[in-house]
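Structural description and commentary
Given next are the chains, with one letter for each unit.
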Protein chains: 2
Amino acid sequence: MALRAKALYDFNSENQGELSVRENEILTLYSEHDIEGWLEGTNSRGDRGLVPASYVEILKNDAPAAINNNTGSTSGESRYANVPSGGFENFSKPSPPSSSTISAPLQQQDYRQHSQGSDEDWDDDWDDSSTVADEPHSVGGKYNDYEGNGPSTYRVSTSAGPRGNAQQARSSATVGRNLNRFSTFVKSGGEAFVLGEASGFVKDGDKICVVMGQYGPEWQENPYPFSCTIDDPTKQTKFKGMKSYISYKLTPSHTQTQVNRRYKHFDWLYARLAEKFPVISVPHLPEKQATGRFEEDFISKRRKGLIWWMNHMTSHPVLARCDVFQHFLTCSSTDEKAWKQGKRKAEKDEMVGANFFLTISTPPNPLDFQEVESKIDGFKTFTKRMDDSSLQLNATANEFARKQISGFKKEYQKVGMSFKSLSQAFEMDQQVYSSGLNQAISFTGDAYEAIGEYFAEQPSKDLDPVMDLLALYQGHLANFPDIIHVQKGALTKVKESQKHVEEGKMDRSQAEGINDRCNIISCATLAEIQHFHQIRVRDFKAQMQSYLQEQISFFQKITGKLEEALRKYDDA
Amino acid sequence: MALRAKALYDFNSENQGELSVRENEILTLYSEHDIEGWLEGTNSRGDRGLVPASYVEILKNDAPAAINNNTGSTSGESRYANVPSGGFENFSKPSPPSSSTISAPLQQQDYRQHSQGSDEDWDDDWDDSSTVADEPHSVGGKYNDYEGNGPSTYRVSTSAGPRGNAQQARSSATVGRNLNRFSTFVKSGGEAFVLGEASGFVKDGDKICVVMGQYGPEWQENPYPFSCTIDDPTKQTKFKGMKSYISYKLTPSHTQTQVNRRYKHFDWLYARLAEKFPVISVPHLPEKQATGRFEEDFISKRRKGLIWWMNHMTSHPVLARCDVFQHFLTCSSTDEKAWKQGKRKAEKDEMVGANFFLTISTPPNPLDFQEVESKIDGFKTFTKRMDDSSLQLNATANEFARKQISGFKKEYQKVGMSFKSLSQAFEMDQQVYSSGLNQAISFTGDAYEAIGEYFAEQPSKDLDPVMDLLALYQGHLANFPDIIHVQKGALTKVKESQKHVEEGKMDRSQAEGINDRCNIISCATLAEIQHFHQIRVRDFKAQMQSYLQEQISFFQKITGKLEEALRKYDDA
């Protein structure tokens with residue numbers, strides 16, 4: 001009955017219920033089926049506990065454990081979704097998983113666009129080739145019928161993954177320490193921080209201030225605000241044309257120095273940020289695409305997505321100022337050494353996850369947790385409603401765009417053709433006095449055909465930007481359940497600690513520490529929510545204005561064309 | 001073998017091949033199957049010839065002829081399609097058919113809206129009750145799908161009847177006298193006139209001049225042009241509310257005196273005109289409708305149709321001036337005696353059909369018949385093309401109207417609802433600084449719902465009038481094959497006479513007479529074609545201008561609404 005397994009790497013138990021194992025150690029498992037990525041078993045010393053499923057190899061038919069380091073590349077593949085097979089060829093054996101990579105199997109679910117960095121795979125074209133296989137949903141044409149099941153470029157919700165995860169996790173976090181090591185609260189470092197386990201050296205430059213603003217806690221404004229343009233996506237080749245990729249020209253306003261970046265650089269940056277900031281909604285990158293990566297439409301669309309993304313990055317008081325983002329924006333594209341240095345530094349950054357909270361300074365007066373809870377609950381309801389209505393608006397806009405491109409265009413062009421046909425019939429009368437009318441009707445026919453074209457061209461000018469904005473916000477809305485979950489987890493710890501103090505199981509000072517740290521998390525969460533509302537109002541106001549202006553121009557253009565046609569009758 | 005039949009009325013042979021019979025005379029028929037409404041037989045005196053089938057009653061099983069005057073009402077019914085059963089109750093027996101009613105069985109096919117007048121049936125509500133059964137096709141809603149088989153209010157071609165008839169008739173008219181007594185050429189009186197058989201006293205007031213204009217023969221302009229408004233269709237009742245009908249207020253500009261007329265009065269007038277003028281395209285009346293006769297939509301639509309009809313009547317130099325039309329326009333609605341007097345006079349008018357041509361005076365130089373033939377052929381091709389493209393435009397306009405009322409409206413309103421829903425979600429954020437935006441988005445939602453309504457309302461303002469115009473012209477286009485046929489018949493007679501002269505079978509003077517009379521018909525035909533082109537250019541120019549103006553106003557209204565919405569964001 002006993003199922004044997006071999007540990008592929010060292011695993012050090014960090015929490016109660018986990019089982020430490022050494023590489024090549026033989027374990028006895030209770031089942032070969034993992035529970036959320038964990039297997040239960042006993043080690044050679046008879047200790048019982050959970051071990052990450054990806055850390056062990058089950059030995060079927062009790063065959064002797066084949067100590068073969070090359071199997072690592074296989075299991076590596078399953079964990080590093082964004083790294084192509086062969087990406088580890090320079091390794092003699094799989095590297096021991098770092099604490100951040102422990103959760104890779106699920107992070108892959110959370111952050112689709114997240115990839116693990118390594119200097120060795122940096123120059124591979126993994127964003128141009130194999131990684132695209134991870135994004136089968138992004139394949140497809142524009143404006144697919146929402147009622148059908150066709151794929152759509154405007155995928156509106158990426159929330160299924162993280163939400164599902166958050167839902168699962170929410171039910172835990174009720175005991176002193178969560179058994180579910182993959183709960184966002186735990187993963188993000190929120191739990192470790194609240195329990196006082198985070199430690200690190202906070203440099204002055206790392207300090208992040210939450211101040212008390214008019215509407216509650218908010219991030220201190222960036223004293224040196226800047227923006228960054230993204231221009232001229234150009235196709236580049238290397239390896240004598242064997243590989244090609246698109247390079248974007250980034251020009252930050254504070255340096256006025258252009259740097260070239262590829263999508264994979266954005267992707268790497270995104271991964272760093274998502275890892276570093278537990279309660280900040282890092283904007284999602286525009287989606288990957290399997291086919292047509294070099295097609296103009298796709299490139300233009302991605303560029304627009306990256307511009308939106310960049311706008312949200314530079315607008316965020318914390319994200320805009322963080323080192324890794326500044327490195328990304330300012331490091332010379334040609335100084336490879338400086339780039340790699342900054343890259344390594346970012347990947348070794350200690351002030352990530354739990355430690356990030358150490359860098360936060362809060363307003364002098366602690367928050368009223370009851371008030372915080374009510375605010376957070378209100379925000380949760382809000383995000384749900386906004387998510388629903390964004391989805392609806394997106395579906396409507398998508399369908400409206402499709403109708404304009406097909407049906408509306410067709411109707412106006414049919415009217416145009418009918419007028420043309422009438423003018424052609426009229427031309428057969430050979431009456432001198434009717435030639436002016438015939439020409440005018442013919443022109444009217446052309447005008448309606450042109451109006452049909454206007455309808456077909458319009459969505460790219462007004463509806464597409466609306467949908468781009470909605471896509472970006474769908475990303476934020478997908479982030480918030482995790483953020484809320486971290487704050488809720490912290491609040492649960494406070495309640496527990498109060499109970500423990502009452503029961504005499506905990507020192508008051510210890511509980512006060514938990515309280516203080518929960519206050520930090522709450523301040524950061526509320527500051528992030530406040531920031532979200534502010535950019536939301538800014539963005540939606542601007543986008544609605546732009547949409548209406550485009551619509552007005554559109555109808556004015558139609559009116560102009562009709563007026564031109566009408567004038568033709570003056571001499572008819 | 002011999003089949004016996006009894007003559008129901010006196011019939012006087014007017015042409016070679018016809019057989020005169022007296023009422024109650026017994027005939028022997030060669031077959032009980034009529035050929036185009038005629039039966040061949042011999043009378044009691046042994047004369048052989050053709051007799052109208054509706055004038056005899058076949059005696060089956062050689063039963064004695066039942067002399068029953070009341071059978072007249074049955075056969076009357078079949079001839080007077082627009083007269084309800086019971087309409088002849090005041091007659092002791094069927095009135096002897098006049099020359100004009102001989103052709104009634106086929107005229108019914110030609111002129112659907114044509115009814116035979118009689119003082120006795122004048123006060124019956126035959127346009128309000130049983131006559132509607134003659135128009136099953138006009139039942140139905142607006143904007144039916146043209147691709148489906150549903151009924152449509154915008155029936156575009158009423159040409160099947162007359163065209164088919166013309167087609168049948170065209171192949172005759174090759175011998176000295178046509179055997180087919182129902183050919184339009186014969187029916188209209190064209191043949192009789194060309195052969196010099198018409199005679200009548202032409203009063204000065206009846207004189208109609210064709211003059212040589214810039215583009216060929218044309219009707220002399222009406223020296224006293226006038227117009228006539230049609231206002232306030234009102235529901236009237238009589239017989240203590242038992243009967244109700246719609247009365248239209250007509251005010252001719254030359255009298256400035258209002259008269260009230262019902263649809264049946266128009267209908268009666270139409271019948272007089274269609275009978276009187278063989279080569280003039282009398283505009284068709286708007287269609288009858290079986291159901292919903294008192295519904296506002298229908299009344300408004302019929303009024304618009306009558307206005308168009310009236311416009312074409314007053315625009316026509318010949319129709320506008322003719323006595324029966326003037327009587328219709330000017331006779332007091334309350335002076336019943338004067339009305340009946342004029343009515344009887346019109347019904348007894350001798351200058352109808354063949355005699356009408358007697359009233360025409362032509363330009364001094366006769367036309368070149370070869371040129372006439374080429375012009376007429378060109379016009380024939382033109383009408384075919386115009387008919388096709390009008391049909392197409394009508395179908396397109398109908399479909400376009402339908403789309404705007406359903407699909408376009410729906411799409412814009414869906415966009416409106418999605419904006420509303422977004423604004424409602426945003427209202428949940430309870431942030432003071434976003435309430436302006438929320439209101440602006442909500443207003444934008446309302447604006448799009450309003451725009452959806454604009455789309456639905458628009459077709460009645462621009463496409464409906466276009467379709468009304470097309471319907472009127474479809475009527476004219478349906479008239480022209482008969483008109484062309486009369487001219488072609490006359491030309492054939494000329495060719496025959498020339499051949500007969502060459503063969504010495506005919507006096508040169510006789511042939512010259514035929515030539516002269518063919519010249520009169522040709523002048524009238526070309527004048528009518530010229531008039532058609534002139535009103536066509538006038539009408540289509542005006543309608544296209546009006547359509548474009550309406551479209552421009554429409555898009556400006558949309559633009560205005562959007563600008564209003566855009567301004568809401570200024571304070572947001």
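Keep in mind that this is a model prediction, so the values were computed, not measured.

**Points about the environment of Lys-375 of chain B**
Residue and element names in this part refer to chain B. Checked against the element boundaries, Lys-375 lands in helix 12 (residues 369-426). What makes Lys-375 partly exposed here is its relative accessible area of 35%. For the pair Lys-375 and Ser-406, spaced 31 residues apart in the sequence, the C-alpha separation amounts to 45 Å. Filtering out sequence-adjacent residues up to four positions away, Lys-375 remains in contact with Tyr-215, Gly-216 and Leu-526.

**Observations regarding the packing of aromatic side chains**
All names here are of chain A. Enumeration according to the criterion identifies 63 aromatic pairs over all chains in this entry. Measuring from ring centre to ring centre gives 5.8 Å for Phe-379 and Phe-532, while their planes differ by 85°; the resulting arrangement is edge-to-face. Pair noted here: Phe-379 is in helix 12 (residues 369-426) and Phe-532 is in helix 15 (residues 508-567), with a separation of 153 residues, a long-range link. A single burial state applies to Phe-379 and to Phe-532, both of which are buried.

**Points about the sheet that holds strand 8 (residues 228-238) of chain B**
Residue and element names in this part refer to chain B. The 3 strands lie next to each other as 8-9-10, forming an open sheet whose pairing is antiparallel. Two strands bound the open sheet, and with one partner strand each, they are strand 8 and strand 10 (259-262). On average, adjacent strands in this sheet sit at an angle of 35° to one another, irrespective of strand direction. Summarising the sheet, strand 9 (residues 243-252) and strand 10 pair through 4 bridges and their orientation is antiparallel. Considered in strand 10, the bridge of Leu-250 is made with Val-259. Against the sheet, helix 8 (residues 263-276) makes contact with strand 8, strand 9 and strand 10, and its axis sits at roughly 80° relative to strand 10, the strand it touches most.

**Some details on the interface of chain A and chain B**
In this assembly, 62 residues from chain A lie in contact with 62 residues from chain B. Summing both sides of the interface, chain A and chain B together bury roughly 6,300 Å²; the carbon and sulfur share of this comes to 71%. Taken as a group, Tyr-433, Leu-548 and Phe-555 of chain A account for 10% of the area that chain A buries against chain B, more than any other trio of residues on that side. Remark: the boundary between chain A and chain B carries 4 salt bridges. One salt bridge connects Glu-411 of chain A with Lys-403 of chain B, and the closest N-O pair in it is separated by 2.7 Å. Here chain A is connected to chain B by 19 residue pairs in polar contact (both at pLDDT 80 or more). Looking at the side of chain A that touches chain B, its residues break down into 33 nonpolar, 19 polar and 10 charged.

**Describing the relation of the copies chain A and chain B**
For these two chains of identical sequence, chain A goes onto chain B by a turn of 180° and a shift of 0.4 Å along the axis, with RMSD 0.6 Å. What we have between these two chains is a two-fold relation. Closest to the rotation axis within chain A is the C-alpha of Phe-555 of chain A, separated from it by 3.0 Å. Interface overlap between copies is the fraction of interface residues in one copy that are interface residues in the other; for chain A against chain B it reaches 100%, indicating a shared surface.

**Section: the confidence of the model for chain A**
All names here are of chain A. Chain-level pLDDT for chain A is 79 on average; 76% of the residues reach the 70-or-more range. Low pLDDT (under 50) marks residues 144-175, which in the prediction has 81 contacts with non-local residues, meaning those over four places away or in another chain. Reported confidence for the predicted complex is 0.72 by ipTM and 0.72 by pTM.

Cut-offs and rules
- Residues numbered from 1 in each chain as written.
- Chains lettered and ligands numbered in written order.
- Predicted model: local features only at pLDDT ≥ 70, side-chain atom pairs only at ≥ 80, totals over all residues.
- Heavy atoms only, no water.
- Helix = DSSP H or I, 4+ residues; strand = E, 2+ residues; numbered from the N terminus.
- Buried < 20%, exposed > 50% of the residue type's maximum accessible area, 1.4 Å probe, protein only.
- Contact = heavy atoms within 4.5 Å.
- Phe/Tyr/Trp six-rings, centres within 6.5 Å; stacked < 30°, edge-to-face > 60°.
- Pairing = 2+ DSSP bridges.
- Axes fitted to C-alpha atoms, helices over the stretch in contact; angles between N-to-C directions.
- Buried area = accessible area lost by both parts, 1.4 Å probe.
- Salt bridge = Lys/Arg side-chain N within 4 Å of Asp/Glu carboxyl O.
- Polar contact = N/O pair within 3.5 Å; in protein donor to acceptor, adjacent residues only side chain to side chain.
- Nonpolar A, V, L, I, M, F, W, Y, C, P; charged D, E, K, R; others polar.
- Least-squares fit on C-alpha atoms with pLDDT ≥ 70 in both.
- pLDDT = per-residue confidence, 0-100.

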